[in-house]
Amino acid sequence: PPVLVTVSSIAAAGPTERGKVKTEADPCTPISNYGRSKRGGEVAAEMFAGKMPITVIRPGIVFGPGDRLLLPAFRALRMMRLHVVPGMRPPPLSYIYVGDLIQLLCQAAASGRRLPAEREGQNGDGYYFACVNEYPNYSEFGRMLRKAVGRRFAPIVSVPEPLPTLIASL
């Protein structure tokens, strides 16, 4: 039978404690509506695991050519020559280049582990996180962007939490 590779999100797994790395076998604790809906899709896929081979991929933030999600950060750094970080302790980010994700999806379809037909507790079989092995916070990400746009100097400015929300609302 054909293999179903379902693309979910790391948001379905939920956050982990600072300084720890979450694994596929850890319990899912999504905190956003987006994460809960992605987890719901995974649970729906699990119900069909006895009828067809299924693998679930949970990518982080996907970036690449034509990407519009990260474009404002690049533009702000290039034009305003600074990188604004919302909050004083930004969480770590998980990301993956679109070409790497496509390669991983093809590998998962060809030879990845499959969801077991019977779920006896969550052991992570058939699930894969798809992100690079480094987890920069938004400040460190700004330093990486600064290098990518060729800026030697571009200050990283941390802004207290209510202020970015207020500005975005306006």
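Bear in mind the structure is a predicted one, so any value in this text is a computation, not a measurement.

On to the sheet that holds strand E2 (residues 54–59). Strand order in the open sheet formed by 3 strands is E1-E2-E6, and the pairing between neighbours is parallel. Strands with a single pairing partner mark the edges of an open sheet, and in this sheet they are strand E1 (4–7) and strand E6 (127–130). Within this sheet the neighbouring strands show an average axis-to-axis angle of 25°, counted without direction. Alignment of E2 against E6, held across 4 bridges, turns out to be parallel. Its bridge partner lying in E6, Arg 58 is registered against Phe 129. Each of E1, E2 and E6 is contacted by helix H1 (residues 33–46), which is oriented at about 165° to E2, the strand it contacts most.

Turning our eyes to something else, we now look at H1. Here H1 spans 20 Å end to end across 14 residues, near enough to the 20 Å set by a 1.5 Å rise per residue. Within the sequence span of H1, burial applies to Gly 35, Arg 39, Glu 42, Ala 45 and Glu 46. End-on view of H1: buried residues confined to an arc of 110°, all on one side of the axis. In this fold, the buried residues of H1 make contact with E1, E2 and E6.

Rules used in this analysis
- Throughout, a residue's number is its position along its own chain's written sequence, starting from 1.
- Whole-chain, interface and lining totals are the exception, using all residues; otherwise, since this is a predicted model, local features are given only for residues with pLDDT of at least 70 and side-chain atom pairs are given and counted only at 80 or more.
- To get the side-chain values, take all heavy atoms of the structure and skip hydrogens and water.
- Two strands are counted as paired when DSSP detects at least two bridges linking them.
- Every helix listed is a DSSP run of H or I at least four residues long, and every strand listed is a run of E at least two residues long, numbered separately from the N terminus.
- Axis lines are fitted through C-alpha atoms, for helices just across the contact stretch, and the angle between N-to-C directions can take any value from 0 to 180 degrees.
- What makes two residues a contact is simply this: any of their non-hydrogen atoms within 4.5 Å.
- Each residue after the first adds 1.5 Å to the expected span of a helix.
- Relative accessibility decides the category of a residue: with a 1.4 Å probe and only protein chains considered, values under 20% of the type maximum give buried, values over 50% give exposed, and everything between is partly exposed.
- This arc corresponds to the set of directions leading from the helix axis out to the C-beta atoms.

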